[in-house]
Structure formats: structure tokens, C-alpha cells
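What the coordinates show
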Amino acid sequence: MAGDRILDGLNAAQREAVTHDAGPLLIIAGAGTGKTTVITRRIAWLIARKKARPEEILALTFTDKAAAEMEERVDQLVPYGYADVEIATFHAFGDRLLREHALELGLQPDFRVLNRAEQVIFFRDRLFQFPLERYRPLGDPTKHLQAMITLISRMKDEDIAPEAYAAHAERLRALAAAAPDDAELAARAAQHAELARTYAKYQELMAASGAIDFGDQIVHALRLLRQRPYVLGGYQRRFKYILVDEFQDTNWAQFEIVKLLGARHANVAAVGDDNQAIYRWRGAAVSNFRGFLQHFPRARVLVLTENYRSHHRILDAAYRLILNNPDRLEESEEGRRHGVTKKLAAVRELDGAEPQHLHYETASQEADAVAQLIRERVEARAWKYDDVAVLVRSNSDADQFLRSFNLRGVPWTFSGNAGLYGRPEIRLLIAFLRAVAHPDDSVSLHYLALSDIYQVPIVDVTRCSTYADRRHRWLFDVFRRAEELREIRDELEDEGREAIRRLVADLTRYMELAREMPTGEVLYQFLVDSGWLARMSKAATARDEAEVQNISKFFRRVQDASKALRYDNLREFVNHLDGLIDAGEDPAVAEADVETPAVRVLTVHKAKGLEFPVVFLVSLVQDKFPLRGRREALEVPVELIRETLPAGDFHQQEERRLFYVGMTRARRELYLTSARDYGGARQRKVSQFVLEALDLPKDAARPFKAKAVEEIQRFAPPAEPDAARLAPIPPEQELLISHKQVDDYQTCPLKYRYVHVLRVPILRHHAVVYGSTIHKVVEHYLLRRTAGNYTSLEDLQAVYEREWDNQGFLTWEHEEARKAAGRQALTRFWHEEEAGGTKPTYVEKEFGFSLGADRVRGRFDRVDQDLFGATIIDYKTGDVAAQKVADRRAKESLQLKIYALAWREMTGALPQRVELRFLEANLVGRHTPDEGDTEEAGAAVEAAAVGIRARAFEATPSYSACRYCAYNQVCPFTATRE
DNA sequence: GGTGTATCTCTTTTT
DNA sequence: GAGATACACC
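What counts and what doesn't
Residues numbered from 1 in each chain as written. Chains lettered and ligands numbered in written order. Predicted model: local features only at pLDDT ≥ 70, side-chain atom pairs only at ≥ 80, totals over all residues. Heavy atoms only, no water. Buried < 20%, exposed > 50% of the residue type's maximum accessible area, 1.4 Å probe, protein only. Helix = DSSP H or I, 4+ residues; strand = E, 2+ residues; numbered from the N terminus. Polar contact = N/O pair within 3.5 Å; in protein donor to acceptor, adjacent residues only side chain to side chain. Axes fitted to C-alpha atoms, helices over the stretch in contact; angles between N-to-C directions. Parallel < 35°, antiparallel > 145°, perpendicular 65-115°, else oblique. Left-handed = near helix turned anticlockwise from the far one by under 90°. Contact = heavy atoms within 4.5 Å. Nonpolar A, V, L, I, M, F, W, Y, C, P; charged D, E, K, R; others polar. Pairing = 2+ DSSP bridges. Near = heavy atom within 4 Å. Core = buried A, V, L, I, M, F, W, Y, C linked by side-chain atoms within 4.5 Å. Expected span 1.5 Å × (residues − 1). Salt bridge = Lys/Arg side-chain N within 4 Å of Asp/Glu carboxyl O.

Most of helix α12 (residues 252-261) sits out of view: 9 of its 10 residues are buried. Regarding α12, the residues found buried are Trp-252, Ala-253, Gln-254, Phe-255, Glu-256, Ile-257, Val-258, Lys-259 and Leu-261. With a side-chain oxygen lying 3.1 Å from the backbone nitrogen of Ala-253, the N-terminal cap of α12 falls on Asn-251.

The next point concerns the packing of helix α3 (residues 35-48) against helix α4 (residues 64-77). Between two packed helices, what matters for the description is the angle formed by their axes and the separation of those axes. For the pair α3 and α4, the least separation of the axes is 9 Å and the interaxial angle reads 50°. Viewed along their axes, α3 and α4 adopt a mutual orientation that is oblique. The element α3 and its partner α4 pack so that their crossing is right-handed. Of the residues in α4, those touching α3 at Thr-36, Thr-37, Ile-39, Thr-40, Arg-41, Ile-43 and Ala-44 are Glu-69, Met-70, Arg-73, Val-74 and Leu-77. Split by residue class, the contact of α3 with α4 holds 6 nonpolar, 3 polar and 3 charged.

A few words now on the pairing of strand β16 (residues 666-677). Bridge analysis of strand β11 (residues 356-362) against β16 gives 6 bridges, and the strand direction is parallel. When the sheet's bridge partners are listed, Gln-356 is paired in β16 with Tyr-671. Across 5 bridges, the pairing between strand β15 (residues 612-617) and β16 is parallel. Paired with Phe-616 across the two strands is Tyr-671, which belongs to β16.

Our next topic: the sheet that holds β16. By way of backbone hydrogen bonds, the strands of a sheet pair with one another, either parallel or antiparallel. Judged by pairing direction, the sheet is parallel, and its 6 strands sit side by side in the order β11-β16-β15-β12-β14-β13 without closing on themselves. Looking along the sheet, the strands with just one partner apiece sit at the ends: β11 and β13 (412-415). Along the sheet, successive strands turn relative to each other by an average axial angle of 20°, direction set aside. Across 4 bridges, strand β12 (residues 388-392) lies against strand β14 (residues 599-603) in parallel orientation. Bridge pairing links Leu-391 to Leu-602 in β14.

Bringing the packing of helix α23 (residues 494-516) against helix α24 (residues 519-529) into the picture now. Orientation of α23 relative to α24, taken along the N-to-C sense of each, is 150°, at an axis distance of 10 Å. Considering the angle they form, α23 stands roughly antiparallel to α24. The way α23 lies across α24 gives a crossing that is right-handed. Together, Arg-509, Tyr-510, Leu-513 and Ala-514 of α23 and Val-522, Gln-525, Phe-526 and Asp-529 of α24 make up the contact between the two elements. Partitioning the contact of α23 with α24 into residue classes produces 5 nonpolar, 1 polar and 2 charged.

In the region of DNA strand C, the neighbouring residues are Arg-628, Arg-682 and Ser-960. Taking the atoms of DNA strand C that fall within 4 Å of the protein, sugar and phosphate contribute 50% of them.

Close to DNA strand B lie 22 residues; Asp-64, Asn-417, Thr-603, Leu-627 and Ala-681 are nearest. For DNA strand B, the backbone makes up 51% of the atoms found within 4 Å of the protein, where backbone means sugar plus phosphate. Separating a base oxygen of DNA strand B from a side-chain N or O atom of Trp-281 is a distance of 3.2 Å. Residues that form the surface near DNA strand B fall into these classes: 7 nonpolar, 8 polar and 7 charged.

Here the focus is the nonpolar core. Note on soluble globular proteins: their nonpolar side chains tend to be buried together. Core analysis: the biggest nonpolar cluster contains 65 residues, and Phe-432, Phe-479, Leu-507 and Phe-554 have the highest contact counts within it. The element contributing the most residues to this core is helix α18 (residues 424-437), with 10 residues. Other than its neighbours up to four places away in sequence, Phe-479 contacts Leu-445, Ala-449, Cys-464, Ile-500, Leu-503 and Val-504. By size, the runner-up hydrophobic cluster in this structure holds 44 residues, among which are Ala-102, Leu-225, Ala-253 and Phe-255.

Moving on, we get to the side chain of Asn-11. Tracing the sequence through the fold places Asn-11 in the loop between α1 (3-7) and α2 (12-18). At 3.1 Å, the side chain of Asn-11 forms a polar contact with the backbone nitrogen of Ala-13. At a separation of 2.8 Å, a polar atom in the side chain of Asn-11 contacts the main-chain amide nitrogen of Gln-14. Ignoring sequence-local partners within four residues, the contact set of Asn-11 consists of Glu-306 and Tyr-308.

Right, let's get into unusual backbone geometry. Here Phe-625 and Pro-626 are connected by a cis peptide whose omega angle stands at 5°. Mapped onto the fold, Pro-626 is located in the loop between β15 and α29 (650-663). Positive phi is not limited to glycine here, since Asp-159 has a value of about 60°. Here Asp-159 is to be found in the loop between α7 (145-157) and α8 (162-178). Of the residues examined, Asp-159 reaches a relative accessible area of 13% and is grouped as buried. For Glu-844, which is not a glycine, the phi torsion comes out positive at approximately 50°. With respect to the element layout, Glu-844 can be found in strand β18 (residues 842-851). The exposure class of Glu-844 is buried, given its relative accessible area of 16%.

To continue, consider the sheet that holds strand β7 (residues 268-272). Within the open sheet, the 6 strands sit side by side as β3-β2-β6-β7-β1-β8. Their pairing is parallel. Since the sheet does not close on itself, it has two edges, and those belong to β3 (86-89) and β8 (300-304), each with one partner. For this sheet, the mean inter-axis angle between neighbouring strands, taken without regard to orientation, is 15°. The sheet contact formed by strand β1 (residues 25-29) and β8 spans 5 bridges and is parallel. In the strand pairing of β8, Ala-29 is matched with Leu-304. Its contacts with the sheet put α3 on β1, β2 (57-61), β6 (241-244), β7 and β8, and the angle it makes with β6 is roughly 170°.

Two residues of an α-helix separated by three or four positions point the same way, owing to the 3.6 residues in each turn. Over its 26 residues, helix α9 (residues 183-208) extends 37 Å from the first C-alpha to the last, a length consistent with the 38 Å expected when each residue adds 1.5 Å. Along α9, the residues that are buried comprise Leu-185, Ala-189, His-192, Glu-194, Leu-195, Ala-196, Thr-198, Tyr-199, Tyr-202, Gln-203, Leu-205 and Met-206. Turning to α9, the residues buried within the fold contact β4 (112-114), α6 (116-125), α7, α8, β5 (211-213) and α10 (214-227). The N-cap residue of α9 is Asp-182: its side-chain oxygen and the backbone nitrogen of Glu-184 are 3.3 Å apart. Downstream of α9 by one or two residues, Gly-210 has phi in the positive range, about 70°.

We now examine the pattern of salt bridges. A full pass over the atoms with the stated rule returns 77 salt bridges. A salt bridge links Arg-408 to Asp-368, with the shortest nitrogen-to-oxygen separation between them at 2.9 Å. Of this pair, Arg-408 sits in helix α17 (residues 398-408) while Asp-368 sits in helix α16 (residues 363-379); the two residues are 40 residues apart in sequence, bridging distant segments of the chain. Relative accessible area serves as the criterion here: at 4%, Asp-368 is assigned to the buried category. Because the salt bridges share partners, they merge into one network encompassing Glu-833, Arg-862, Asp-864, Arg-913, Glu-915, Arg-917 and Arg-926.

Sheet topology places strand β17 (residues 735-738) next to strand β19 (residues 854-866); 4 bridges connect them, and they run parallel. Its bridge partner being in β19, Ile-737 is matched across the sheet by Val-856. When β18 meets β19, the two strands line up antiparallel, connected through 9 bridges. Bridge pairing links Gly-848 to Arg-857 in β19. Adjacent in sequence and paired antiparallel, β18 and β19 are bridged by 2 residues, among which Gly-852 carries a positive phi angle near 65°. Counted along the chain from β19 to the antiparallel partner strand β20 (residues 869-876), the turn is 2 residues long.

The following block contains the structure:
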């Protein structure tokens with residue numbers, strides 16, 4: 001009988017686990033101890049011994065991948081091929097329950113499951129239906145949206161219903177009422193009340209539109225089992241045996257489901273390793289381990305410690321590390337009672353080298369040394385490339401290594417989790433789709449025109465953009481009428497003329513096609529016509545191949561997404577895609593071909609469950625690994641959390657477990673590497689985990705030197721296609737420059753080029769549109785006042801109505817709310833001015849002064865003069881919370897520094913004060929400028945002028961610069977991954 | 001030891 | 001651009 005085969009090769013503890021007859025069972029399976037083997041064989045054993053029929057067994061996992069793998073291994077073991085065992089992820093299982101009982105739960109039977117990006121869109125589309133205030137600021141209504149969605153999702157992990165949250169908020173309100181002096185408590189009560197109402201509203205709206213989210217797949221299923229005893233009874237009778245994989249990753253709600261389903265037979269077997277719990281941040285409750293023993297006090301506990309992966313030197317180091325975590329199961333009361341020990345013993349890899357720590361001077365030396373070592377060892381035939389894995393804590397740590405691998409000719413694959421929409425080939429396709437769907441999207445058209453496919457000379461594109469921008473026309477219209485517009489026609493070279501003609505003809509044709517064809521077909525046609533398809537089919541290099549795979553991945557997404565649309569047409573699709581991108585969707589780039597041997601670079605999280613002969617854990621310095629802990633923007637109130645929270649610094653403990661996971665991936669060799677300098681100003685300390693694992697003294701860092709030449713090579717800027725560089729502006733020629741130009745150049749020279757040189761037209765952001773409307777109204781009032789004319793409040797409001805521009809608002813509710821807020825701010829402004837505001841000396845006063853060969857120009861919103869001197873005032877509409885912030889903004893404003901300099905240049909004296917008047921917040925930021933400010937202003941202007949004259953427009957991407965840049969969708973250097 | 005300024009980072013991933 | 005932290009300075 002098959003029994004022999006099922007127990008073949010198992011050690012004693014494994015055999016016990018597999019053949020455990022009935023009753024609850026907790027299997028604590030350390031890294032590499034054959035966890036999956038035990039589960040799959042146990043399933044096979046239960047069937048072979050007729051303990052249960054296949055359909056009476058339920059096995060729950062976390063990932064689709066794990067479920068698929070388990071299913072395959074069970075199939076191999078169970079002779080008759082009847083794969084009726086219910087092997088599913090928690091979510092898939094919950095989903096099935098819901099679909100079978102949708103009506104009883106008040107759900108539409110064909111409900112849709114929204115992913116994160118779709119949730120964001122759903123919420124944003126209905127943002128103004130939510131009872132929000134504090135968490136929906138009008139200047140940036142979606143500011144807290146992501147945080148609220150995360151909060152709701154965490155609430156579901158913890159099995160906290162909207163009513164429970166509301167009750168908590170109510171308790172806080174009562175407490176606050178009892179303590180009227182505690183302003184902080186009152187604020188907290190109000191915030192939670194707002195969030196609780198929002199959570200309830202979210203559930204209501206989701207139900208009304210027939211949608212659920214991933215969290216609902218668990219909590220609705222839980223509700224079903226709780227509220228419908230006959231449903232619960234049915235499943236309890238059916239599932240005689242339940243197995244849970246990766247038990248340390250279950251959250252509270254998931255364990256509740258397991259408890260309910262297993263209540264009748266109590267044949268629940270959970271398998272996991274508390275030392276490998278690395279998903280606390282998404283709700284995993286390590287305390288479920290202890291919870292299991294409390295819920296099933298008579299549970300059998302088996303500990304697997306025979307490790308089939310690594311040799312003892314690696315295992316000992318990992319154990320030394322993990323001993324530093326106080327909260328381990330083996331230290332707990334329950335753990336002791338059951339004699340849990342987690343010290344792993346090597347049984348296959350008998351001996352090997354101690355894990356090594358390699359420390360370097362700089363990050364690039366570290367990366368280079370790793371690359372070189374791998375190469376040497378491969379050339380010496382000691383390793384193969386695909387024996388080696390480089391594990392990083394954060395995706396961004398991988399860059400340096402990939403660059404070094406390129407330099408040394410080491411083949412690699414990187415499994416990141418994003419970046420598809422950032423690939424140049426995909427950006428181009430998206431730009432194409434946008435240009436066809438929205439002829440007024442000049443940014444995309446601009447990108448398309450300059451692309452390899454159309455190759456319109458940059459001079460010609462710039463000429464057309466500038467023309468379009470000055471006349472407020474679409475770039476597309478200017479292209480289309482290039483032959484008629486004399487200013488354009490006479491200046492175009494033949495080459496440009498032909499390229500533009502081709503571009504316009506193509507786009508027109510695709511617009512026609514898009515009227516009837518689904519998006520996928522339009523895109524396909526473009527790939528054919530542009531010659532890409534032909535090029536793709538003869539992809540020669542690995543790079544080409546990656547490009548092709550990315551394109552086909554995007555293609556599949558296009559087809560998936562168009563299915564979700566009511567009408568599959570290009571416009572709908574592009575709007576949908578823009579929504580998704582805006583909501584943060586960014587699929588991973590295509591996985592590289594696994595057949596070519598290559599070093600695998602991946603995050604430690606992704607490496608969980610995998611093993612490699614050689615492992616490098618890299619960038620091991622404090623604040624990188626362990627990464628500094630960050631709190632969630634909105635947190636589940638601790639009072640509502642039912643699981644026992646771990647004691648002490650649990651962030652650091654989780655990082656340590658993650659490090660443990662990383663170390664225990666290695667079979668034969670483990671290298672821990674670090675460097676002193678990672679590009680910041682500060683020296684970095686070697687990760688405490690390295691010292692703990694290797695039992696090193698605190699000063700164990702030993703620097704190495706790299707060769708200077710290699711250093712220089714690596715810092716060489718990436719080769720940039722030299723786009724018809726124009727001659728610099730000679731020193732004798734005057735350069736006109738404004739504070740906005742200086743500011744843009746400082747932010748990023750390439751942004752400066754987009755805005756002020758190429759003049760790529762963009763849609764203005766609602767906050768900008770709104771700001772300029774308010775500005776105009778204020779200006780109208782002040783000008784009249786200076787001239788001695790009275791303006792009634794009604795007239796002021798009339799001007800406001802007339803000047804109102806509805807560009808860019810999220811929805812009409814947003815527009816209405818903003819408009820009302822503006823009306824209020826203007827009313828207040830009017831009252832204050834009428835009640836005795838000083839009469840302005842100048843309004844909208846132009847200024848200009850020379851700084852060397854440069855001439856700085858601009859315009860003061862308002863200048864008030866009195867006996868003590870001048871006050872320069874600039875009006876703002878932004879959101880400022882406190883006086884301190886307003887003052888700081890005034891103090892740090894480059895604009896005001898330049899204004900102060902201008903005033904001194906023109907009058908000989910510094911203004912006594914500069915002010916930022918925040919109209920909506922009703923705050924005034926004040927600052928007294930000094931020589932330091934004017935010096936700084938002069939230096940900033942000069943630095944920008946030098947760059948602009950030299951036409952130096954290299955991008956300086958950074959998180960903050962790119963985040964709100966209007967060009968981040970088409971800019972090849974953007975630091976945003978969207 | 002307290003305060004002000006300089007510096008750094010802005011994860012991890014599944015359903 | 002915000003928020004946290006490290007460091008310098010008193």
C-alpha cells in the first residue's frame with residue numbers, strides 16, 4: 001500500500017506529525033525542516049488510511065503559489081489522482097463561501113473583488129459622499145485616502161466591524177465630555193468618530209455597488225459562519241481535517257475562521273515557525289501560536305528541528321541572532337510547557353565555512369566586490385551563476401548591485417514588485433494611447449513626437465510647443481495645421497515637416513480606428529504599423545527580450561482592464577488606466593527568463609520559502625537593515641486589538657526575524673556585506689544583526705580599498721542622447737529671469753527645460769487654478785482701494801463668480817466645496833480690509849533689477865509703506881495649520897528673499913518685513929529679512945542663471961521634486977515609480 | 001541635558 | 001514637504 005511511500009525518508013518527528021491520528025496539532029517547523037513535505041504527506045496519509053475522504057480535508061495557505069505547489073505535491077502522492085482535497089488560500093476559500101451564500105449575506109451574487117488600486121478609485125469617485133472633514137482637506141482632498149484604506153483593511157484583519165469602531169469612538173467622546181480641559185482627548189475622539197463613520201459608509205457604498213475587497217473575503221465569510229449556524233454546521237461536519245500552512249502569517253480574523261470550522265472535530269493541524277513571522281505590518285498575529293495552545297489546551301505540539309538545508313555553522317549563527325528576540329515561543333510559558341526548542345541541527349549539509357562578514361569603504365565598493373567575487377568563483381567553477389542569490393532589504397538597495405553586475409558582466413535577474421509603467425517602452429505605448437484618446441494631452445503628444453518612432457527634430461517640436469503654449473492651443477492642432485501657419489511652415493526643415501505629417505496622419509487614423517475597435521486592437525495595430533512587432537519578433541539581446549516581455553505583459557493588462565469597462569473604447573480605457581496609475585498601480589516588470597543561468601537578486605521577503613547554495617545579504621547597516629521603524633499614518637486603536645501584542649520594540653524584533661529568514665536561505669555559503677558610506681553625509685554603522693549573528697565585537701568593521709579608476713567609471717553619468725544641443729547664451733547677452741524660473745531650475749533643471757524652454761503645455765492642477773482665481777479677486781479689490789474706490793462685498797463676490805475656473809477639480813462636489821471655502825475666505829478678507837487694513841502703497845507692482853549680466857524681473861502682490869519702512873506681501877491659498885508653520889514658510893521662502901533683494905536694489909533699503917498671507921487659513925507668516933537672505937537670493941539667482949546660460953538641463957530626480965512634477969509620467973529620469 | 005540645526009528617508013507584499 | 005533623528009553647541 002501507498003503508506004510506505006508516504007512515510008519514506010521521514011525523520012521521527014516528521015513521521016509523528018504525518019501520522020498524528022486525531023485532535024489538534026501544532027507543528028513548529030523551523031527553517032528548512034521539511035514543512036511542506038509534512039503537510040502534503042499528512043494529507044496523503046489521511047486519505048490512504050481512510051481517516052477522511054479527500055473532500056473532507058481542507059488545507060489553507062496564504063499565496064496562490066503555495067496552494068498550487070501543495071496541490072501538485074498532493075497529486076503526486078495520492079495514487080488515484082482524485083484531487084478533491086480542498087486546497088485554497090484563505091481568500092479564495094472565503095470567496096467561495098461568499099459566492100455560495102451571497103444572498104443570505106445581502107451581497108450581490110456576482111460581486112466584484114476590488115484590488116488596492118480599484119479600491120482607491122472607488123473611494124475617490126465617491127469621496128464627497130463620505131462624512132469627512134479633517135481627513136479631506138480641500139486643497140488636497142485625497143491626501144489621507146491611502147491611509148484610510150489601509151486603516152479599513154487593518155480593521156478587517158483584526159475583525160473589527162464598523163459598529164465596534166463606532167462604539168469605541170463613542171466611548172472616547174464620553175470620556176472627552178467628562179474632561180472638558182483635555183483638548184487632545186477631544187480631538188482624538190472627533191478623529192476616531194470621523195473615521196468610524198467613514199468606515200461604515202465605505203462598507204455601505206461597497207455593498208450598494210456590488211463590490212467587496214480582499215479584507216471582506218475574510219470578514220464577510222466570518223460573519224456568515226457566525227450568523228448562519230446551519231451553514232457553519234454543514235462545513236463543520238464536512239471538514240473532518242483542517243490543515244493551516246504558514247500559521248505565523250495568519251491574522252486574527254483568519255484564525256477565527258479556523259476555530260469555527262474546526263470546532264466540531266478539533267482536527268486542526270497548524271504548521272509554522274514563529275521565528276519567520278515577517279508580516280506583522282499587514283496584520284499577521286504571531287500571538288496566534290500561543291492562541292492556538294490556549295484555544296486547544298490539549299493540542300499535541302511537535303517541533304521539527306532537523307534541518308535539511310544548511311550546515312551547522314550557518315544555523316548556529318542564525319540561532320545566535322534570533323536568541324536576541326525576547327518574545328520567542330520557546331521562551332514563553334506555553335513553549336516551555338511543551339518543551340519547544342528551536343535550535344536547528346544540520347542533517348544533510350555536514351560542514352562548511354563560517355558565514356563571512358565583508359565590510360567596505362563605500363557602497364559601490366561593496367557592490368563591486370560582490371560582483372567580482374561571484375565572477376571569480378564562477379570562473380573557478382566553484383559556483384554557477386544561478387547558485388547565487390543577493391538578498392536586499394528594500395528594492396532600492398538592488399540598484400547598486402545591478403550596476404556592478406553589468407560592469408563586471410555578471411548575468412542577473414531582479415524580481416522587483418513594480419516598475420512596468422516606468423519602462424521606456426511602456427511609457428511610449430501609454431503616451432500613444434493618451435495622445436489618441438485625448439488630443440489635448442500635449443505632454444503625451446510631445447513625448448510621442450520625440451520618440452524613436454517619429455523622430456521629429458527637437459527644434460521643430462519646441463517651436464510648435466511654444467507656439468501652442470503662447471496661443472493657448474493644443475499642440476496637436478498646431479501640428480495639424482503646421483502647413484498653414486506661416487510662422488511654423490517657413491521654419492520647418494523637410495525632415496521635421498515630414499515627421500510631423502506622418503505623426504498627424506497616424507494619429508488621425510488611429511482616432512478613427514478607436515471609434516470602432518477595442519483598445520487592444522488599436523494598440524496591436526500601432527505595434528504592427530510602427531514596425532515594433534517586426535522588431536520584437538527578432539529580439540536578439542536579453543534586453544530586447546525583456547522589452548518584448550514587458551510589452552506583452554502590458555498587452556495582457558490592456559485586455560484584462562478593457563473587460564472591466566462598460567464600453568471598451570479607447571477613451572474609457574485611458575481614463576481607467578490613468579485612474580489606476582494615479583491610484584498607485586504599477587505591476588512588476590516581466591520576470592526574466594529562468595532558463596538562462598543568472599544571479600538572483602531579490603528582497604528577503606520574496607526569498608521566504610526559497611533556498612540557494614550561496615547567499616549574499618547586502619547593505620547591512622543600521623537604518624537600512626534593520627530599517628528604521630515607521631508608524632502607520634492611521635493606526636487601529638490598541639484598545640480594539642484582541643490579539644496579545646508583542647512586548648518591547650516589536651519593529652526591531654520583526655526586522656531581526658527577517659534577517660533570520662535571509663540567513664537561513666543559504667545552503668553552503670553565506671556572506672554578510674556592508675559599507676561605511678552609502679552616499680549620505682553620515683558614516684553608517686554596521687548592522688547590529690551582523691554583530692549579533694557572528695558574535696563580533698562592536699568595532700569589527702574592517703575597511704577595504706577599491707581601485708580609484710573603477711570608482712570614477714562608476715560615477716560617470718549615464719550616456720545621454722545628445723539632443724541637438726543649442727549654443728550657450730553668451731555672457732554679454734542679458735538673461736531675463738523670474739523667481740519662478742529660479743525655483744524651477746533649483747527643483748530640477750530638466751523640469752525648467754520642460755516648462756520654460758520646451759514649454760510643453762500641461763493641464764493645470766486645481767490648486768493652481770484656484771489660487772490664481774483668488775489672486776485675481778484680491779488684486780481687483782486692492783487696485784480699486786489704492787485708487788480710492790469702494791468695492792462692496794457683493795461686487796467682490798460677483799468678480800469671484802466671474803473669474804471662477806473649474807479646471808482640474810476631482811468632482812463637482814469638490815469644486816462646490818472649494819468654491820464655498822473661497823467665498824468665505826474672501827468675505828473675511830473684505831471685512832478685515834474694510835475694518836481698517838492699511839491702504840496699500842503698491843498693488844501688483846512690477847520690479848526689475850540687474851545682477852551682473854542677468855536681469856531679475858517680477859511683481860509684488862502688495863507693498864505697504866509706513867514710517868518704519870516697507871512690508872512686502874504675497875497672497876497664498878495653501879493649507880497651513882499653525883502660526884509657526886506660516887512663519888517658517890515666510891522665513892524660508894526663496895520668493896520673498898528675491899523680493900527683499902529686489903526692494904533693496906531698487907530703494908537702497910531692506911524691507912522692514914516680508915509676509916505671506918494665507919487667505920484660507922487666515923494666518924500671516926512674517927519675517928524680517930536680513931543681509932543673509934539677500935545674499936542667498938543673489939546666489940540662487942546666479943546659480944540658476946549660470947546653468948540656464950550653459951543650457952545645462954540634467955535632471956536631478958528626487959522623491960520630492962518628482963512627486964508633484966507634471967511631467968513625471970513622461971520624464972525618463974523620474975524618481976517616482978508610477 | 002536641553003535646544004536648535006542639519007540630515008535623512010519616504011519599506012516589506014498578498015489576497 | 002514632513003517628520004524623525006543625530007549631532008553640535010551651550
